[in-house]
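Report on the structure
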Amino acid sequence: MKTPTITLKEFARRRQRLMQAMGKNSIAVIPAASERLRNRDVEYAFRQDSDFLYLTGFPEPDAVAVLVPGRDAGEYVLFCRDRDPVMETWSGRRAGPEGAIAAYGADCAFPIGDIGEILPGLMENRTTLCAPFGHSEALDRRLFGWVNQVRSKVRSGVRAPCEFFALEHHLHEQRLFKQAGEFRMMRHAATISANAHRRAMQVCRPGMIEYEIEAELLHEFRRHGTEPAYHSIVGGGENGCILHYIENRSPLRDGDLLLIDAGCEYGGYASDITRTFPVSGRFSAEQREVYEVVLEAQAAAIAKAVPGNHWNDPHDAAVATITRGLRALGVLKGRPSDLIRKEAFKPYYMHRTGHWLGLDVHDVGDYRIGDTWRLLEPGMVMTVEPGLYFGPQTKAPKALRGIGVRIEDDVALTRSGHEVLSGECPKTVAEIESCMAAEVTSRSGAA
Ligand code: GLY
Ligand code: MN
Ligand code: MN
């Protein structure tokens, strides 16, 4: 099956858009991520910096992209590791500067070791330097070292950058608005994740250990060439009430719910799905009641996720439904409007209803403009993830304790409303129970 990609043309358009926002007397310096040690000489799996990936698609560490609007010899300059047969035998292939031009669309490319000689020259007579200032002391020091090299030449009539601008101010606003190709990438990631959740529902049996279910998720992610976008949360019973539970090593008990928050990353794009289902395959009466409240809250929130509403409208809708549900469950007493004003739901629903989603699972982009929540617009992608958590320490009726439910989907805003990217994942009580009753089928095909 043909899988979506971001084309070289699209990467070029992104750089053009950024350069337009920067203005012509500027220069941008965007570093790749570095490899990081996990222990002794073992590295963590390399993950490219999201800003760098967004602008270049270049997958290697030890690289720096430089954008120089209007430069005759080429606006996009990439510094990267040189080819090295010995190093490539040990640690894998490198594009080298030639490959950076041929395969990744750089206008010019140089060995990363030459950056100190070349970059100050590119900065000459540029007024504004855009870079991710303040994220790494080492990078800040190097950037100002290069600026000082240019300053040392002022007597020969050269001007050094004198305005220092946070790259993310332009770039993160741009990343917030996804193009059609990005929707395709995110739809693909969400479909693979939906199938992983379906697989987890189908294999789950009392007595299994949480990590065995995690293994099923990973299997589904990896067989489509993806990896987890974040640590999978696989929490049975009261573990489902621990929001960031990632130990995943308790046995699953008959009669408990299992909360799974897991999503893969495809081509750098994250998906983020939560489903909660009964270990035995059938909801108890109490579990079902709680589940239906969260499901209704999620439906109310998703209905508000449309252009023209503001960022907090889905959250307000979820809170109203959750509060009514807590009264119906006998957990809260009083007038709903008073309970909402006093945030009486907070011991049982303590997080917000969503976040932006994209190259980062908690993606970039402002949530407020000035003093007000920003308006939702086509191209934005957000999660909608209400929950209810009756941990053992809460004051909820005993019959509810140990029940933790969250339901999370990925929602792309479109001109006509929205598209639920993760919509293929079973969600209603009937869908979940029938999926769990079915034979394990999803060994092939899918996404
Ligand atoms: N999985 C991270 C989150 O839901 O925000
Ligand atoms: Mn989320
Ligand atoms: Mn999540």
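Note that the coordinates shown come from a computational prediction; the quantities given were computed from them, not determined experimentally.

**A short note on the sheet that holds strand E6 (residues 108-111)**
As summarised here, the arrangement of the 6 strands in space is E6-E5-E4-E1-E7-E8, forming an open sheet in which the pairing is mixed. Strands at the two margins of the open sheet, each flanked by one partner only, are E6 and strand E8 (163-166). Averaged over all adjacent pairs, the angle separating strand axes in this sheet is 20°, with direction ignored. Sheet analysis places strand E7 (residues 128-131) next to E8, joined by 4 bridges and oriented parallel. Among the inter-strand pairings, Thr128 is bridged to a residue of E8, identified as Glu163.

**Thoughts on the coordination of the manganese ion (ligand 3)**
Donor atoms from the polypeptide that coordinate the manganese ion (ligand 3) comprise Asp261 (OD), Asp261 (OD), Asp272 (OD) and Glu408 (OE), at 2.0 to 2.3 Å from the metal. One chain supplies every donor for the manganese ion (ligand 3), spaced along it as D-x10-D-x135-E. Separating the manganese ion (ligand 3) from the manganese ion (ligand 2) is a gap of 3.3 Å, bridged by Asp272, which donates to each. Here Asp272 lies in the loop between strand E13 (269-270) and strand E14 (273-278) and Asp261 lies in strand E11 (residues 257-262), a separation of 11 residues in the sequence. Across this residue pair, the class does not change: Asp261 and Asp272 are buried.

**Let's talk about the pattern of salt bridges**
By the definition in use, this model includes 28 salt bridges. Residue Glu220 is joined to Arg223 by a salt bridge in which the shortest nitrogen-to-oxygen separation is 3.0 Å. Overall, the relative accessible area of 0% leaves Glu220 in the buried class. Under the relative-accessibility criterion, Arg223 is labelled partly exposed at 30%. Arg341 is paired through a salt bridge with Asp338; the nearest N and O atoms lie 3.0 Å apart. You can see Arg341 and its partner Asp338 sitting in helix H12 (residues 336-341), 3 residues apart, about one turn around the helix.

The rules behind the values
Position numbers for residues start from 1 in each chain and track the written sequence from start to end. Chain A is the first chain written and ligand 1 is the first ligand written, with later ones labelled in order. With the structure being a predicted model, the display of local features is reserved for residues of pLDDT at least 70 and the display and counting of side-chain atom pairs for 80 or more, all residues being used for whole-chain, interface and lining totals. Side-chain calculation: all heavy atoms of the structure are included, whereas hydrogens and water are not. Pairing between two strands is assigned when DSSP locates at least 2 bridges connecting them. Here a helix means four or more residues in a row that DSSP labels H or I, a strand means two or more in a row labelled E, and each is numbered from the N terminus. Here an axis means a line fitted to C-alpha atoms, over the contact stretch when the element is a helix, while the angle between two N-to-C directions is reported on a 0 to 180 degree scale. Coordination shells were defined by N, O and S atoms within 2.8 Å of each metal, extended to 3.2 Å for Na, K and Ca; water is absent from the atom set, which can make sites look incomplete. Working definition: with a 1.4 Å probe on protein chains only, accessible area under 20% of the residue-type maximum means buried, over 50% means exposed, and in between means partly exposed. By definition here, a salt bridge exists when the distance from a side-chain nitrogen of Lys or Arg to a carboxyl oxygen of Asp or Glu is within 4 Å.

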